[in-house]
Amino acid sequence: MKIQQKHSGSQAMTGHRDETVGRPPLRSHEGFGKARRRARAVAVGLAGAALLTLSGCTDAVQRGWFPEDSVGATDHTERISDLWRGSWIAALIVGAIVWGLVIWCMIAYRRRKGETGVPAQIRYHLPLEVMYTVIPVMMIAVLFGYTARDQSEILDTSEKPDVTIGVVGKQWSWDFNYKDSDVYESGVMGQLDGNEGAEAELPTLYLPVGKRVQFDLTSRDVIHSFWIPAFLMKMDMIPGIENKFQVTPAVEGSFKGKCAELCGEYHSEMLFNVEVVSQAEYDQHMADLEARGQTGQLETELGRSEMAPESSDAEEAGNSDAQSFSTESKTAEVQR
Ligand SMILES: [Cu+2]
């Protein structure tokens, strides 16, 4: 067997040499040039492909595939995306080591020709067992440490907020109580019927840029979840309980808000708009709400009563009858 291998090896070598010798020599510069050009073309092609791949996803990769508008959106987004990316990098390093070891074992300890039976069975290997217990515990401890550090920072409500907004979830919309200005906004469910302009009918939450905002979250019916995807942060809204968090929006702009807890048939239409505006625009909006008569605070008690008052802006929008009818009938359907 060994002899055979040696023989075939030398044959291959001889064959190779023969081939080289037998081949017409590269006579001219033309031949060398051709080979070199081909090699260069391949190299350029590969480099181009690599560049295209890298440049195509660099931005997205750097954000960890988080939404584009999350970059610098609040005082917390950088911290959250750092934790996210760090965790993925750690997971990928561990993954690469594990995949490498698995492949190495498959190749190094594969069954060779002529081998029979099972390999030598080893029952205990204390150092190995200690290692694969201690290393994962250390890894989990590190991930836990960073998570706990960031979580306590993100959920810190010890500072006095500049603005406090009570947000009430309800099937399937949102009410906003601007506590400091003593005005409110009451939302009506989105009507996603395929027609343009559905977003304009959604309730809009106004936030002043650069100001510390506290959200007091609760629900009137089932568990919802308050989520502004660009803020990289969501929190449950539980009936009878007030969950709080504080955040400082850092850039002006329009964002989207959603319910992140499957809360019934029209959960997907439980949407709102977010406008992060200057203090002056925020004050103006508060004055507008007051001028519309939306003063005082909406109750947060349990109940399915239609909270949209007579003078809400949904009524002003024109098609309020159709809206409130369809919302009511949808609610009735579910109650049945
Ligand atoms: Cu919901």
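The structure this text deals with has already been given above.
Residues numbered from 1 in each chain as written. Predicted model: local features only at pLDDT ≥ 70, side-chain atom pairs only at ≥ 80, totals over all residues.

(A) Just the pairing of strand β4 (residues 204-208), in detail. Burial of β4 is extensive: four of the five residues sit out of reach of the surface. As judged from the five bridges shared by β4 and strand β10 (residues 271-277), these two strands associate in the parallel manner. Counted as the bridge partner of Leu-207 is Val-276 from β10. (Buried ≥ 20, exposed ≤ 12 C-beta atoms within 10 Å, placed from the backbone. Helix = DSSP H or I, 4+ residues; strand = E, 2+ residues; numbered from the N terminus. Pairing = 2+ DSSP bridges.)

(B) View of the nonpolar core. One finds Ile-165, Val-167, Phe-176, Phe-231 and Met-270 to be the most contacted residues of the largest nonpolar core, which totals 38 residues. Of all the elements, strand β1 (residues 163-170) adds the most residues to this core, at four residues. Apart from residues no more than four positions distant in its own chain, Ile-165 is found in contact with Phe-176, Asn-177, Tyr-178, Lys-179, Val-213 and Phe-215. (Core = buried A, V, L, I, M, F, W, Y, C linked by C-beta atoms within 7 Å. Contact = placed C-beta atoms within 7 Å.)

(C) Fine view of helix α5 (residues 279-291). With 13 residues, α5 ought to run about 18 Å at 1.5 Å a step, and its terminal C-alpha atoms sit 18 Å apart, in line with that. Two residues or fewer after α5 comes Gly-293, characterised by a positive phi angle close to 85°. (Expected span 1.5 Å × (residues − 1).)

(D) Inspection of helix α3 (residues 77-108) at higher detail. For α3, with 32 residues, the first-to-last C-alpha span of 46 Å sits near the 46 Å given by 1.5 Å per residue. In terms of burial, α3 is a largely surface element, two of the 32 residues being buried.

(E) Examining unusual backbone geometry more closely. In the segment running from Gln-171 into Trp-172, the intervening peptide bond is cis, with an omega of 0°. Among the secondary structure elements, Trp-172 is positioned in the loop between β1 and β2 (173-178). With a phi angle near 55°, Asp-182 is a residue other than glycine that sits in the positive phi range. Mapped onto the secondary structure, Asp-182 falls in the loop between β2 and β3 (183-186). Look at Asp-182 and you get partly exposed, because 14 C-beta atoms sit within 10 Å. Here Leu-232, not a glycine, exhibits a phi torsion of approximately 55°, which is positive. In this structure, Leu-232 sits in the loop between β6 (224-228) and β7 (233-237). In this structure Leu-232 comes out as buried when scored by C-beta crowding, with 23 C-beta atoms within 10 Å.

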